[in-house]
Amino acid sequence: MARGNRDVKARTMNRFRTLPDDDDGADGYDNNRRRGGISGLIGRLTSAPNARQLNDRIASRRQQNEQRSTAGRAENRPSVYTVRMYKAGKTRPDIIYKAISQRMVNFKPYLMRPDDRDNMVFYVADEDSAEALKGMSRRISDPRNTSVKFGINAMKSIAPWQKIPPENVDLIKRALQRRFNEADLSMDLTEFDIDQEFTQKNIMASLTRNEVMVAVADIIDEHFSGIRALSLRNNRLRTLDYVANLLYRAPKVTILDLSNNAIEHQKDLMKLRGWNLETLFMENNPLASVFSDGMEYIRAVHEVFPAVTSLDGVAVSRQFDITEAAGSSMSEDKFEIPVVRNGFSPNPAIEEMIKNFIIEFLSLYDGENGNRTREKLFDAYHEDSTFTCVVENLYDGQRRIEYPDTESFRYYRRSSHNIIQESKWERYRAKIVRKGRMAIAAELSQMPLTTHIKDSLILDIFSLADDFLVFSLQGLFRDGSEAFKADGDLCFFTRTFVALPTAPNKVVISNDMLTLGGISDLALTRYKNLLTKAAVTSIESPVVVPATATNTAQAMAQMTVNGAIPTQPQLAATVPVLAPAYDVSDPVIQNQMVEQFSAQSGMKLEWARKCLEDQQWNYDAAGKVFSDIRSQIPAEAFQ
């Protein structure tokens, strides 16, 4: 038996030694792979002079496979660096670009898009950019969750587009130079492939060819990056992946012509979302025929380009969010944002009564004894009234901030009626919506203590009829452990009331919707600036109350917390109502007041200043005096 074992071992070892040693080339490598099994592996190892030669052969084989995978054209494709941002695929490319550009100079990516694993993938041309991007790994956050940091990796690879001979690049450059209009900073690439530069030399330069679009983008980046209008009409474009490279090389484009192409899907337009377009032409594209009516078509375009006011040569209503503009590079006066005023009211008398109601309401709601005094708000609500509370910390354009007081946030979160999160509470909605005055008073008494900042409040009365009145109050407040600190962290709130006249001289709250959230330093600064502008520019102008609102107006004239015929609230004499949030002694504020008063009154600046100085810089008082003595002011005082 022992001899038999030795014979088997000997035969096995001899079998390994008899493997051929001449499998050094690519054919030998394939032969060894076909032999397979452990014997093929050991034979391969023993035939290699050393490990380095083996690694070289493996690398050579890998390069051959890469060439085969690109149909033998790998040598015709430029070397680039593939950058992968892990788990960033759900973040919009323009947001990723902005975040990286804030940390890196001259960031010019190609083909920025998500892959099938929710990673964001793009290419950069040089090693320095690749190394800089790798250095940002774990430094860029997910805007939806700042605790998630994106890992970044970059490796050398072959581009998915081909090289263009230098002489053809020169032809493209000459064509672009002829098509550039310096007077209006426009670039006309209409029917680019039949340009005389190409037809004379029988060269294919269609913008549907990826390498041509990349060359065009690079040339525009180098010589025409300031263009504001771009025409891509009649180029048979079906997708816009390579056109999107222009986003990062011509960022000022506001007029875009994509007409007479073959674009079918809205998702292709999404790839151009970084442009702040005002004028767009999309006619004669399959996309336009997808929608059943024109309004759906307009809405689809505004989802991508909210600032568009001209679509296919037709004026359309602009859908524009002022908060979005505040966080972007777009200027406010470019969009002609209406003058900011501190709230809207259809009638000064109604406004005054609602302010008195709010003062009394907040005097019971705020304070260290708020848990007891809020019980008195029982009579302010209708017997079938409802109350909901929503807490949400919004993304401010840079990060999602945290609520200052953790315990308060947890309390609000348990009963938050946020429709965006409806799937979490739809099965127990009855538990988070308070119904009836008793349930509402009990809930208000249990909520965290608060202090509202009176001079930050803005009142809007936006619906007035015979049988109801709707108004909202927004501003800053502190709650929980921060409630009574002079320098405590601030939060933002909006409270919407629906009031009903239930009997003569009696109005009660039918619906109370409270929305709370933390506020970042950036958003707080913006809000204070809005308050300052509102205080400077607002002059009350009388508005006729509609006849249908007479009954509600009469009822509101008697409105108080308990709904009975009131005496004038005592707090009205001591608590300022929506007091100005600016310092009139500040020369900057004074200059703004003078300019605004001059614009509204038509007087010259020096006369406007004198009028304001005479009234101790009280804007409303100066406006009233101006109205009273308008006919007595000499003509030379006016512009």
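Everything numeric in this text was worked out from a predicted model, so none of it was measured.

## Observations concerning the overall build of the protein
Reasoning step 1: When helices and strands are counted, the protein shows 24 helices and 20 strands.
Reasoning step 2: For the protein, the proportion of its 639 residues judged to be buried stands at 42%.
Reasoning step 3: Contacts in the protein between residues at least 24 apart in sequence constitute 66% of all its contacts with a sequence separation of at least 6.
Reasoning step 4: In the structure as shown, the protein presents an accessible area of about 34,400 Å², 50% of it carried by carbon and sulfur atoms.

## Remarks on the confidence of the model for the protein
Reasoning step 1: On average, residues of the protein score 77 in pLDDT, and 74% of them reach the 70 mark or higher.
Reasoning step 2: Within the model, pLDDT remains below 50 along residues 14–36, and this stretch shows 20 contacts once partners closer than five positions in the same chain are excluded.

## Some thoughts on the sheet that holds strand 7 (residues 180–181)
For sheets, the rule is that strands pair by backbone hydrogen bonds, running either parallel or antiparallel.
Reasoning step 1: Pairing within the open sheet is mixed, and its 7 strands lie in the order 7-8-9-10-11-12-13. The outermost strands of the open sheet, each flanked by one partner alone, are strand 7 and strand 13 (314–315).
Reasoning step 2: As paired elements, strand 11 (residues 279–281) and strand 12 (residues 310–311) share 2 bridges and run parallel to each other. Each residue of the ladder has a partner; that of T279, found in strand 12, is S310.

## Some remarks on the pattern of salt bridges
Reasoning step 1: For the structure shown, the criterion picks out 23 salt bridges.
Reasoning step 2: Residues D193 and R236 are paired through a salt bridge, measuring 3.3 Å at the closest nitrogen-oxygen approach. Of this pair, D193 sits in the loop between strand 8 (186–188) and helix 8 (196–199) while R236 sits in the loop between strand 9 (229–231) and strand 10 (255–257), and the two are 43 residues apart along the sequence.
Reasoning step 3: Given a relative accessible area of 19%, D193 falls into the buried group.
Reasoning step 4: By relative accessible area, R236 is classed as partly exposed at 48%.

## Some remarks on helix 16 (residues 406–414)
Reasoning step 1: Within helix 16 the residues assigned to the buried category are S408, Y411 and Y412. Seen end-on, helix 16 carries its buried residues on one side only, within an arc spanning 95°. Exposed residues pointing more than 90 degrees away from the buried face of helix 16 are listed as E407 and R414.

## Regarding the packing of helix 7 (residues 166–179) against helix 9 (residues 210–223)
Reasoning step 1: Axis separation between helix 7 and helix 9 bottoms out at 10 Å; the angle between their running directions is 55°. With respect to each other, helix 7 and helix 9 are oriented oblique. For the crossing formed where helix 7 meets helix 9, the hand is right-handed. Judged by residue contacts, V169, I172, K173 and L176 of helix 7 engage V212, A215, V216, I219, I220 and H223 from helix 9.

## Remarks on the sheet that holds strand 1 (residues 79–85)
Reasoning step 1: Taken together, 4 strands build an open sheet; the order of strands is 2-3-1-6 and the sheet is antiparallel. Among the strands making up the open sheet, the edge pair consists of strand 2 (110–114) and strand 6 (152–158). Sheet twist, expressed as the mean angle between neighbouring strand axes with direction ignored, is 20°.
Reasoning step 2: As paired elements, strand 1 and strand 6 share 7 bridges and run antiparallel to each other. Its bridge partner lying in strand 6, R84 is registered against N153.
Reasoning step 3: Set on the sheet, helix 6 (residues 127–134) makes contact with strand 1, strand 3 (120–124) and strand 6; between it and strand 6 the angle comes to about 155°.

Rules used in this analysis
- Residues numbered from 1 in each chain as written.
- Predicted model: local features only at pLDDT ≥ 70, side-chain atom pairs only at ≥ 80, totals over all residues.
- Heavy atoms only, no water.
- Helix = DSSP H or I, 4+ residues; strand = E, 2+ residues; numbered from the N terminus.
- Buried < 20%, exposed > 50% of the residue type's maximum accessible area, 1.4 Å probe, protein only.
- Contact = heavy atoms within 4.5 Å.
- Areas by Shrake-Rupley, 256 points an atom, 1.4 Å probe, with all protein chains shown as cover.
- pLDDT = per-residue confidence, 0-100.
- Pairing = 2+ DSSP bridges.
- Salt bridge = Lys/Arg side-chain N within 4 Å of Asp/Glu carboxyl O.
- Arc of directions from axis to C-beta.
- Axes fitted to C-alpha atoms, helices over the stretch in contact; angles between N-to-C directions.
- Parallel < 35°, antiparallel > 145°, perpendicular 65-115°, else oblique.
- Left-handed = near helix turned anticlockwise from the far one by under 90°.

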